[in-house]
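Inside the fold
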Amino acid sequence: MHYQIYCEKCGIELTDKISAGKKCPECNGSLRFRYDYNKIKGQVIRKDLPGIWKYINLLPVSKDSNFITYSEGETPLLRSNNLAKKLGLRELFIKDETQNPTGSFKDRAAAVSLTKAVEFKKDLVAIGSGGNAAAAAAAYAARANLDCFVFLPATTPMERVAQSLIYGAKVIRVKGSINDAIKLISKYQDEFDWYELTTAKPLNPYQGEAVKTIAFEICEQMKGVVPDWVITPVGGGGILSQCWKGFNEYKQLGLIDSLPKMAGVQPAGCAPLIKAFDDKCKPDEIKVWEGKPESIAVTIADVFPIDGEAALSAIYESGGVAEKTTDEEIIEAMKLMAQNEGVFAEPAGAAPLAAVKKLRDKGIIGSDETVVVVATGHGLKDLNAVVSNVKRPPILESEEELPVIVKRYLG
Ligand SMILES: [Zn+2]
């Protein structure tokens, strides 16, 4: 095996067979992965493999596996000259994760977790998610020919459930929160022997490793130049903490010589990690968000970030920040990104750009700095958010009106 699994708490090494579970069997600690970086040096990338799989030397997947894949990863890093100018930045790049097969970065996680499900010879998989991770798991389960159960809150709008349903997922709507839905998967684990895919490290440690390939790709695409800032949305906190791990691994491998500052963004109507940062809490002191989460960015409105401890640690270690954005700022950022660069992100995917504007205004991001924002998911997933925030276009009642309307558009 080219990777080691160890317990973060007691340090013991585990075999892959034992760690088909989620936690250390000795002390219930979280499972982590390490690789032989000295051995990998000089041969990090397998050029014969596509997408995220070219980083197989840094993924906890057997090299003999039949990868469950359909071209996830290798998403564009778009230099955004128009927006950089507008925001008064030296350089701005959009890591365009909307281009993944089911329209979000969660495809990276699903590719690895479904490959592991097949490695572990599981017949059933289950995931707790009302958002992009469910759709990704359902699609990859279809390719793996496995039955996929999706548990989500009954309040999840049907247009967000539809994508999972069309891929054939068996959806169960739970009267309660996403955390209640996730608890049910664990409770019935023994009875149904399903392999949990929920995209949080304590629930499936393997899938998180896939997400760090976003950082590897940014390093490759910037040809070893390290951006000053990498800004991601925070729901559970997995993308921020795993990108940080990715940059650290690339530094350890001698492929970059510095590290970016990490900034995490949450909606103002559900911002437990931002509150912890503002209150100068320790990473393990994040509290559950009190009250009903309220935001247009439903995919990141998690009342408690399950990977928040790792995310807040990454923010502190990197010298970064946490920032919240209102729905109005998110909608403005969606329009800015779409109208200036042609990238149509869902509200959560536009939140980092909304934060750039605020952090520039506060002087936290300097005009001479280079910023990468991660646009995590596609706007087509959430058309309702758009329809209610755009003007209805005019209907042409007679041809004579046409020049008037065109001129009105041209101002
Ligand atoms: Zn342990």
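Our structure's up above, just so we're on the same page.
Structural notes, computed from the coordinates.

What counts, and where the lines are drawn
Every chain begins its residue count from 1, and numbering advances along the sequence as written. Selection of residues for local features in this predicted model requires a pLDDT of at least 70, selection of side-chain atom pairs for listing and counting requires 80 or more, and totals for whole chains, interfaces and linings are taken over all residues. Going along the chain from the N terminus, every DSSP run of H or I of four or more residues is numbered as a helix, and every run of E of two or more is numbered as a strand. Atoms counted for the radius of gyration: C-alpha only. Globule rule: 2.2 Å times the number of residues to the power 0.38. Once C-beta atoms are placed from the backbone, each residue is buried if 20 or more other C-beta atoms lie within 10 Å of its own, exposed if 12 or fewer, and partly exposed for counts between those two. We call two residues in contact whenever the C-beta atoms placed from their backbones are within 7 Å. Strands were regarded as paired on the criterion that DSSP finds at least two bridges between them. To get an axis, fit a line to the C-alpha atoms, keeping to the stretch in contact for a helix; angles then go from 0 to 180 degrees between the N-to-C directions. Under the convention used throughout, the expected extent of a helix is 1.5 Å for every residue step, that is, one less than its residue count.

Here's the deal with the overall build of the protein chain
Along its length, the protein chain carries 16 helices and 13 strands. In terms of C-alpha radius of gyration, the protein chain reaches 21 Å, essentially the compact-globule figure of 22 Å for 411 residues. Overall, the C-alpha framework of the protein chain stretches about 75 × 45 × 45 Å when taken along its three principal axes. Looking at the protein chain as a whole, 49% of its 411 residues qualify as buried. A sequence separation of at least 24 residues applies to 69% of the contacts in the protein chain between residues at least 6 apart.

What about the sheet that holds strand 6 (residues 124–128)?
Remark on secondary structure: sheet strands pair via backbone hydrogen bonds, oriented parallel or antiparallel. Spatial strand order, 8-7-6-9: 4 strands in an open sheet with parallel pairing. Each end of this open sheet is capped by a strand with a single partner; those strands are strand 8 (170–174) and strand 9 (195–196). In this sheet, strand 9 lies alongside strand 6 in parallel orientation, the contact comprising 2 bridges. The residue of strand 9 that forms the bridge with Ala126 is Glu196. Packed on one face of the sheet, helix 6 (residues 178–187) meets strand 6, strand 7 (147–153), strand 8 and strand 9 and runs near 145° to strand 7.

Side note on the sheet that holds strand 2 (residues 13–14)
Taking strand neighbours across the sheet as the criterion, the 3 strands line up as 2-1-3 in an open arrangement whose pairing is antiparallel. The strands lining the two open edges of the sheet, one partner per strand, are strand 2 and strand 3 (31–35). Here 2 bridges tie strand 1 (residues 3–7) to strand 2, and the two strands are oriented antiparallel to one another. Looking across to strand 2, one finds that Ile5 is bridged to Leu14.

Observations concerning unusual backbone geometry
Despite not being glycine, Ser71 has its phi angle at roughly 65°, a positive value. By the element assignment, Ser71 lies in the loop between helix 1 (37–40) and strand 4 (77–79). Exposure remark for Ser71: the 14 C-beta atoms within 10 Å place this residue in the partly exposed category.

Section: helix 3 (residues 106–119)
Its 14 residues place the ends of helix 3 20 Å apart at the C-alpha level, agreeing with the 20 Å of an ideal helix rising 1.5 Å per residue. Summarising burial for helix 3: 12 of the 14 residues are buried, a large majority. Within the span of helix 3, buried status applies to Lys106, Asp107, Arg108, Ala109, Ala110, Ala111, Val112, Ser113, Leu114, Thr115, Lys116 and Ala117. Packing partners of the buried residues in helix 3 comprise strand 6, helix 4 (132–144), strand 9, helix 8 (205–211) and helix 9 (213–221). A positive backbone phi angle near 55° is found at Lys121, which sits one or two residues after helix 3.

This is a description of form; function is not addressed.
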